Each structure stands twice: as C-alpha cells, then as structure tokens.
Amino acid sequence: MSLSSLGLLGRKVGMMRLFTDEGDAVPVTVIDVSNNRVTQVKSQDTDGYVALQVTYGSRKASRVTKPQAGHLAKAGVEAGEIIREFRVDADTAGKYAAGKAVAVQEVFSAGQLVDVQGTSIGKGFMGTIKRHNFKSQRASHGNSRSHNVPGSISMAQDPGRVFPGKKMSGHQGDVTTTVQNLDVVRVDEGRGLLLVRGAVPGSKNGFVTVRLAAKGQPKPVVVQAKAEKGKK
C-alpha cells in the first residue's frame with residue numbers, strides 16, 4: 001500500500017461471531033465508522049502536501065478550544081472527538097470538499113485487508129515475570145526474600161551502568177498499537193459498521209483508525225478450467 005490511501009476513524013463496539021454457509025464460526029470485531037466527515041482538504045500549493053483531515057464523533061461546543069472551533073466553523077463541520085489526517089493522492093483529494101461525509105463503502109469493501117490502530121488496554125505495573133516471561137528464582141536453599149525479583153541488572157566497574165532497553169519491571173499496556181492484515185468480513189452500509197476478522201487494540205468504545213493494509217492486498221485467485229478428456 002502506498003501512502004496515498006484514505007482511511008476512516010471509528011469506535012470499537014465489541015466482538016461477535018458470524019456463521020458461514022458451511023457452518024463455521026468467524027470471530028469478528030464490530031467497528032462503528034459512521035459519520036466520518038472532512039474538516040480540511042490540504043493541497044500541494046497551500047500546505048506542501050496533499051491530505052484529507054477527517055473527524056469522527058461528537059463533542060460539546062464548550063469542550064472545544066477557540067482555534068479549533070474557528071477551524072471547524074470555517075469548514076461547516078460539527079466538532080468531533082478525534083481528528084486525523086490521511087495522506088492521499090491529488091485525484092482522491094479532488095473527490096472531497098470540507099464538510100463532506102465519507103461513507104464506509106467509499107473506502108472499504110469485503111475481502112480487503114486492513115490495519116487497525118488503537119490504544120491497547122492498560123494493565124498497570126507489572127513485574128518481570130509477568131511482563132517479560134522471566135523465571136522465578138529458587139524457592140529455598142539460601143534464597144532470602146528474592147524469589148520473584150529480576151536479579152542483577154548491570155555489570156560491576158566496567159561499564160558500570162544499566163544499558164538502555166534492559167527488561168525490567170514497569171507499566172504494561174496503554175500504548176499505541178497496530179494490528180495488521182485483518183480481513184474485512186462484512187460492510188454494513190446502512191449503519192456505517194465495519195466487521196473485521198479477529199481482535200483489534202483497545203477496550204470497548206475505544207477509538208481506532210482503520211487503513212488499507214500496508215503490506216498489500218490479497219491477490220485474486222485465478223481458476224483455470226481443466227480440459228475435457230479426449231480434447232486437446
């Protein structure tokens with residue numbers, strides 16, 4: 001996928017399952033991508049690059065800063081809860097204007113692969129055993145109150161410091177995470193829902209960004225007809 005692709009902002013509704021015609025259960029995540037609207041169209045001449053600025057959700061006017069309120073009023077768009085930019089090519093940018101809504105069927109279709117970015121669920125402070133899969137120390141024979149501690153973390157005199165990136169205890173989760181190459185199982189145009197196979201980052205009602213997969217789309221399957229017997 002090139003950088004020139006439009007995505008959508010949405011909210012993670014939750015997970016469910018769909019059944020195929022063969023009776024197989026497919027776990028899917030429901031993402032609400034309704035009411036995506038363009039707040040600004042950036043051009044090469046004015047801004048130095050081409051992009052579409054999109055917002056999603058609804059926010060009270062009292063919760064919007066004055067500069068942002070003026071920016072949205074110029075576009076004639078209701079304030080949203082999140083706002084993002086998508087680099088697109090000039091042809092895609094020419095199809096939209098400030099204030100125009102972006103429908104889900106204009107961007108995604110069933111069978112595509114997408115990348116979903118969100119904020120992972122925060123899990124609080126963790127020790128090295130749970131965070132990095134360390135082993136416990138000996139339960140007896142000289143070990144005094146050091147059963148679940150990481151042990152030595154550095155050298156002695158040389159270099160006499162802890163290297164950056166050392167696996168230690170700390171906060172787990174609550175970071176920006178991207179899950180790649182998820183299948184779009186179904187697109188609900190009426191309700192503005194996107195159903196993707198598998199789990200996406202974050203908890204219910206968390207905001208996510210959906211883009212076309214960066215590592216390419218599935219190649220079409222070419223079915224060759226077999227020649228009948230007795231015919232060349």
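In this text, all values refer to a predicted model and were calculated from it rather than measured experimentally. (Residues numbered from 1 in each chain as written. Predicted model: local features only at pLDDT ≥ 70, side-chain atom pairs only at ≥ 80, totals over all residues. Heavy atoms only, no water.)

Participant: Requested: an account of the overall build of the protein chain, with residues and values cited.
Facilitator: Summing up its helical and strand segments, the protein chain has four helices and 12 strands in all. On C-alpha atoms alone, the protein chain measures out to a radius of gyration of 25 Å, which is more than a quarter above the 17 Å that the 2.2 N^0.38 rule sets for 232 residues. In terms of principal-axis extent, the alpha carbons of the protein chain reach across some 75 × 70 × 35 Å. When the 232 residues of the protein chain are sorted by exposure, 33% land in the buried category. (Helix = DSSP H or I, 4+ residues; strand = E, 2+ residues; numbered from the N terminus. Rg over C-alpha atoms; globule rule 2.2 N^0.38 Å. Buried < 20%, exposed > 50% of the residue type's maximum accessible area, 1.4 Å probe, protein only.)

Participant: Residue-level account of a nonpolar patch on the surface, with values.
Facilitator: Judged by side-chain polarity, Ile153, Val162 and Met168 come together as a nonpolar surface patch covering roughly 200 Å² of accessible area. Looking at the element boundaries, isoleucine 153 is found in the loop between α4 (128–132) and β9 (170–172). (Patch = residues over 30% accessible without salt bridge, like charges linked within 9 Å, V, L, I, M, F, W, Y side chains within 5 Å. Areas by Shrake-Rupley, 256 points an atom, 1.4 Å probe, with all protein chains shown as cover. Salt bridge = Lys/Arg side-chain N within 4 Å of Asp/Glu carboxyl O.)

Participant: Explain the nonpolar core residue by residue, including any values.
Facilitator: Residues Leu6, Ile31 and Leu194 are the most contacted members of the largest nonpolar core, which totals 29 residues. Sorting the residues of this core by element identifies β1 (8–19), β4 (51–56), β5 (82–87), β7 (113–119), β10 (176–188), β11 (193–197) and β12 (207–212) as the ones contributing at least two each. With near-sequence residues (within four places) excluded, leucine 194 lies in contact with Thr29, Val30, Ile31, Val33, Val104, Phe108, Val184, Arg186, Val187 and Val210. Core analysis: the second largest hydrophobic core is formed by six residues, Val26, Val28, Val30 and Leu195 among them. (Core = buried A, V, L, I, M, F, W, Y, C linked by side-chain atoms within 4.5 Å. Contact = heavy atoms within 4.5 Å.)

Participant: Summarise the pattern of salt bridges; cite the residues concerned and give the values.
Facilitator: Taken as a whole, this structure holds three salt bridges when the rule is applied. Between arginine 11 and aspartate 32 there is a salt bridge whose closest N-O contact spans 3.6 Å. Of this pair, arginine 11 sits in strand β1 while aspartate 32 sits in strand β2 (residues 25–32); the two residues are 21 residues apart in sequence, bridging distant segments of the chain. With a shortest N-O distance of 2.5 Å, lysine 42 and glutamate 85 are connected by a salt bridge. Linking lysine 42 in strand β3 (residues 36–42) with glutamate 85 in strand β5, this pair joins segments that are 43 residues apart in sequence. Residue classification places lysine 42 among the buried positions, given a relative accessible area of 13%.

Participant: Outline the confidence of the model for the protein chain, supporting the account with residue identities and numerical values.
Facilitator: For the protein chain, mean pLDDT is 90; residues scoring 70 or higher make up 91% of the total. Here residues 221–228 is a poorly scored stretch, pLDDT under 50, and it has zero contacts once near neighbours within four places are set aside; other chains count. (pLDDT = per-residue confidence, 0-100.)

Participant: Please set out the side chain of glutamine 53 residue by residue, giving values where relevant.
Facilitator: You can see glutamine 53 is positioned in strand β4. The exposure class of glutamine 53 is buried, given its relative accessible area of 11%. A polar contact of 2.7 Å, which involves the side chain of glutamine 53, links it to the side chain of threonine 39. At 2.7 Å, the side chain of glutamine 53 forms a polar contact with the side chain of histidine 71. Residues in contact with glutamine 53, not counting those within four places in the same chain, are Arg37, Val38, Thr39, Gln40, Lys42, His71, Ile83, Arg84 and Glu85. (Polar contact = N/O pair within 3.5 Å; in protein donor to acceptor, adjacent residues only side chain to side chain.)

Participant: Any details on the sheet that holds β3? Residues and values, ideally.
Facilitator: Here four strands make up an open sheet; going across it, the order is β5-β4-β3-β6 and the pairing antiparallel. Across the chains shown, the open sheet's two edge strands, defined by having one partner strand only, are β5 and β6 (101–102). Along the sheet face, helix α2 (residues 66–75) touches β3, β4 and β5 and points at about 95° away from the line of β3. (Pairing = 2+ DSSP bridges. Axes fitted to C-alpha atoms, helices over the stretch in contact; angles between N-to-C directions.)

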